[in-house]
Amino acid sequence: MKEIRELWMITFKIFLELIRIIILFSIIGCVMWGGARLMYTSFDINVDGSYAGWLGGIAIYSLLFVLYRNKLQFSGFYNGPYRQKLSPTTTTIFITISVFLLILPLFWRPHF
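Numbering of residues starts from 1 in each chain and follows the order in which that chain's sequence is written. Local features in this predicted model are restricted to residues whose pLDDT is 70 or higher, and side-chain atom pairs enter the listing and the counts only when it is 80 or higher, whereas totals over whole chains, interfaces and linings include all residues. Heavy atoms throughout the structure, all of them, feed into the side-chain values; hydrogens and water do not.

1. Thoughts on the nonpolar core
To form a nonpolar core, buried Ala, Val, Leu, Ile, Met, Phe, Trp, Tyr and Cys residues must be joined to one another through side-chain atoms within 4.5 Å. Note on classification: 1.4 Å probe, protein chains only; a residue is buried when its accessible area is under 20% of the maximum for its type, exposed when over 50%, partly exposed between these limits. Residues Ala-36, Tyr-40, Ile-45, Leu-55 and Leu-102 are the most contacted members of the largest nonpolar core, which totals 16 residues. Strands here are runs of E lasting at least two residues and helices are runs of H or I lasting at least four, both read from the DSSP assignment and numbered beginning at the N terminus. At seven residues, helix α2 (residues 51-70) tops the list of elements feeding residues into this core.

So, in structure tokens, the structure goes:
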């Protein structure tokens, strides 16, 4: 009986952590997208239905992934054995690619 209760509590903690991830990514992602969209529109780049929106979205969610893996996962509900930070090399690669994807539409404007 005790094992079933412990298993249920672990499952519930994982469920709460997934809900927390969805809420955090939605709120922080919307704020970051608002900033990116403001930057794009100030340079007269249309992000509605274009590649700039996709590139910006991928970049923002890559940055959110790094933020979650390096900081936010340690303050959540789940305390499992596999929680670890990304390596410094991986963190640098993700951040560099994300910044590159965010500024790419500023310099490369194909006409579709």
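2. Re the side chain of Asn-70
Tracing the backbone through its elements, the reader meets Asn-70 in helix α2. In this structure Asn-70 comes out as buried when scored by relative accessible area, which is 13%. A polar atom in the side chain of Asn-70 sits 3.2 Å from the side chain of Thr-91. Contact between two residues is taken to exist if any of their heavy atoms lie within 4.5 Å; hydrogens are not considered. If we skip the residues at most four places from it in the chain, Asn-70 touches Lys-85, Leu-86 and Thr-91. For the purposes of these results, a polar contact is taken to be a pair of N or O atoms within 3.5 Å, where, inside protein, one atom must be able to donate a hydrogen and its partner to accept one; residues adjacent in sequence count only when each atom of the pair is a side-chain atom.

3. Description of α2
How far a helix is expected to stretch is found by multiplying one less than its residue total by 1.5 Å. A rise of 1.5 Å per residue sets the reference length of α2, with its 20 residues, at 28 Å; its end C-alpha atoms lie 29 Å apart and thus fit the reference within 8%. Along α2, the residues classified as buried are Tyr-51, Ala-52, Gly-53, Leu-55, Gly-56, Ala-59, Ile-60, Ser-62, Leu-64, Val-66, Tyr-68 and Asn-70. Those residues of α2 hidden inside the fold are in contact with α1 (2-42) and α3 (88-107).

4. Structural notes on the packing of α2 against α3
Angles shown run from 0 to 180 degrees and are taken between the N-to-C directions of axes, each axis being a line fitted to C-alpha atoms and, for helices, limited to the stretch in contact. Running from N to C, α2 and α3 point in directions that differ by 155°, and their axes come no closer than 8 Å. In terms of their interaxial angle, α2 and α3 are classed as roughly antiparallel. Considering only the axes of α2 and α3, their crossing is left-handed. For the pair α2 and α3, contact is made by Tyr-51, Ala-52, Leu-55, Gly-56, Ile-58, Ala-59, Ser-62, Leu-63, Phe-65, Val-66 and Asn-70 and by Thr-91, Phe-94, Ile-95, Ser-98, Leu-101, Leu-102, Leu-104 and Pro-105, respectively. As a working rule, the residues Ala, Val, Leu, Ile, Met, Phe, Trp, Tyr, Cys and Pro are called nonpolar, Asp, Glu, Lys and Arg charged, and the rest polar, with Gly in that last group. Of the residues that constitute the contact of α2 with α3, the class distribution is 14 nonpolar, five polar and no charged. Working rule for angles: under 35 degrees goes down as roughly parallel, over 145 as roughly antiparallel, 65 to 115 as roughly perpendicular, anything else as oblique. Crossings are classed by handedness, with left-handed meaning an anticlockwise turn of the near helix from the far one by less than a right angle and right-handed meaning a clockwise turn.

5. Considering the pattern of salt bridges
By convention in these notes, a salt bridge is any Lys or Arg side-chain nitrogen within 4 Å of a carboxyl oxygen on Asp or Glu. Tallied over the full model, the rule gives one salt bridge. Between Arg-20 and Glu-17 there is a salt bridge, and its shortest N-O distance comes to 2.8 Å. With Arg-20 and Glu-17 both in helix α1 and three residues apart, this pair spans about one turn of that helix. Glu-17 gets classed as buried once you look at its relative accessible area, which sits at 5%.

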